[in-house]
Amino acid sequence: VQLQASGGGLVQAGGSLRLSCVFSGRAYVNYAVGWFRQAPGKEREFVAAISWGGGRTNYADSVKGRFALSRDNAKNTFYLQMNSLQAEDTAVYYCAARRQNGGVLVDETRRYDFWGQGTQVTVSS
C-alpha cells in the first residue's frame, strides 16, 4: 500500500484548502483512511477518518463543522476539505491507512499501518 498526499500550501486565516491522498496497492481488502497532523514541537494528532466506502466518518472535535472528508472511487483518492482555517491548523498533514472492514474508525496513530509523506499547511493570521 502506498499513499501520496498533496494539496498543502499557504493560506490566510478563514481560507480553505483541499488535501488529496492517492491510495495505491489495494489487494481486495478494505481499509480505513485517516488524516493526521503534526505541528512543530507537538505530537501527531488525529484529524479525521473515513471508511473505505465513504459511508462512515469520524472527526476530531477541533475540526468538526470546518473539515469534510470525501473520496473519488474512480481515482482511488481521498480528500480532506478544510474550511475556515485558523492559525492553529498550521501543521504537516499526513494521510494514513489501516485494514478495516466495518467497526469504529479509530483515532490512534499507532493503529494505522501505512503512511504517506506529509504535506505542509500554513495558515497566516
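Counting from 1, residues in each chain are numbered in the order their sequence is written. Given that the model is predicted, a residue must reach a pLDDT of at least 70 before its local features are reported, and side-chain atom pairs must reach 80 or more before they are shown or counted; all residues, however, enter totals for whole chains, interfaces and linings. To get the side-chain values, take all heavy atoms of the structure and skip hydrogens and water.

A.B. asks: I'd love a proper account of the pairing of strand β1 (residues 2-6), names of residues and values included.
C.D. replies: Residues Leu 3 and Ala 5 of β1 are buried on one face, while the alternating residues Gln 2, Gln 4 and Ser 6, pointing to the opposite face, are not. When β1 meets strand β3 (residues 17-24), the two strands line up antiparallel, connected through five bridges. Looking at β3, one finds that Gln 4 is bridged to Val 22. Working definition: with a 1.4 Å probe on protein chains only, accessible area under 20% of the residue-type maximum means buried, over 50% means exposed, and in between means partly exposed. Elements are defined by DSSP. Helices are runs of H or I of four residues or more, strands are runs of E of two residues or more, and each kind is numbered from the N terminus. Whether two strands pair comes down to DSSP finding at least two bridges between them.

A.B. asks: Mind laying out the nonpolar core, listing which residues take part and the relevant values?
C.D. replies: The criterion is simple. A nonpolar core is a set of buried Ala, Val, Leu, Ile, Met, Phe, Trp, Tyr and Cys residues joined through side-chain atoms within 4.5 Å. Phe 23, Trp 35, Val 47, Phe 67, Leu 80, Met 82 and Tyr 93 are the most contacted members of the largest nonpolar core, which has 39 residues in total. For this analysis, residues touch if any pair of their heavy atoms sits within 4.5 Å. If sequence neighbours within four positions are ignored, Phe 23 has contacts with Val 1, Gln 2, Leu 3, Tyr 31, Val 33, Trp 52, Asn 76, Phe 78 and Ala 97.

A.B. asks: Can you lay out the state of the cysteines for me, pointing to particular residues and giving the numbers?
C.D. replies: Pairs of cysteine sulfur atoms within 2.5 Å are what we label disulfides. A complete count under the given rule lists one disulfide for this structure. With its sulfur 2.2 Å from that of its partner, Cys 21 forms a disulfide with Cys 95. Between Cys 21 and Cys 95 the disulfide shows an S-S torsion of about 75°. By sign, it is right-handed. Taken as a pair, Cys 21 in strand β3 and Cys 95 in strand β9 (residues 91-99) lie far apart in primary sequence, 74 residues in all.

A.B. asks: Please provide a residue-by-residue account of unusual backbone geometry, values included.
C.D. replies: With phi around 50°, Asn 76 is a residue other than glycine that occupies positive phi space. Structurally, the position occupied by Asn 76 is in the loop between β7 (67-72) and β8 (77-82). Its identity as a non-glycine residue notwithstanding, Ser 84 has a phi of 50°, on the positive side. Following the sequence through the fold, Ser 84 ends up in the loop between β8 and β9.

A.B. asks: Could you give an account of the sheet that holds β7, naming the residues involved and the relevant values?
C.D. replies: What the four strands build is an open sheet, ordered β1-β3-β8-β7; its pairing is antiparallel. Each of the sheet's edge strands pairs with one partner strand only, and the pair in question is β1 and β7. Across the sheet, the mean angle from the axis of one strand to that of its neighbour is 20°, orientation sign disregarded. As a rule, the C-alpha atoms of each element are fitted with a line to give its axis, helices using only the stretch in contact, and angles between N-to-C directions run from 0 to 180 degrees.

A.B. asks: So what's going on with the side chain of Arg 98? Residues and values would help.
C.D. replies: By secondary structure assignment, the location of Arg 98 is in strand β9. Buried charge Arg 98 goes without a salt bridge, the closest partner of opposite sign being Asp 113 at 5.5 Å. In this tally Asp and Glu are treated as negative and Lys and Arg as positive; neither His nor the chain ends contributes. Salt-bridge detection follows one rule: a side-chain nitrogen of Lys or Arg within 4 Å of a carboxyl oxygen of Asp or Glu.

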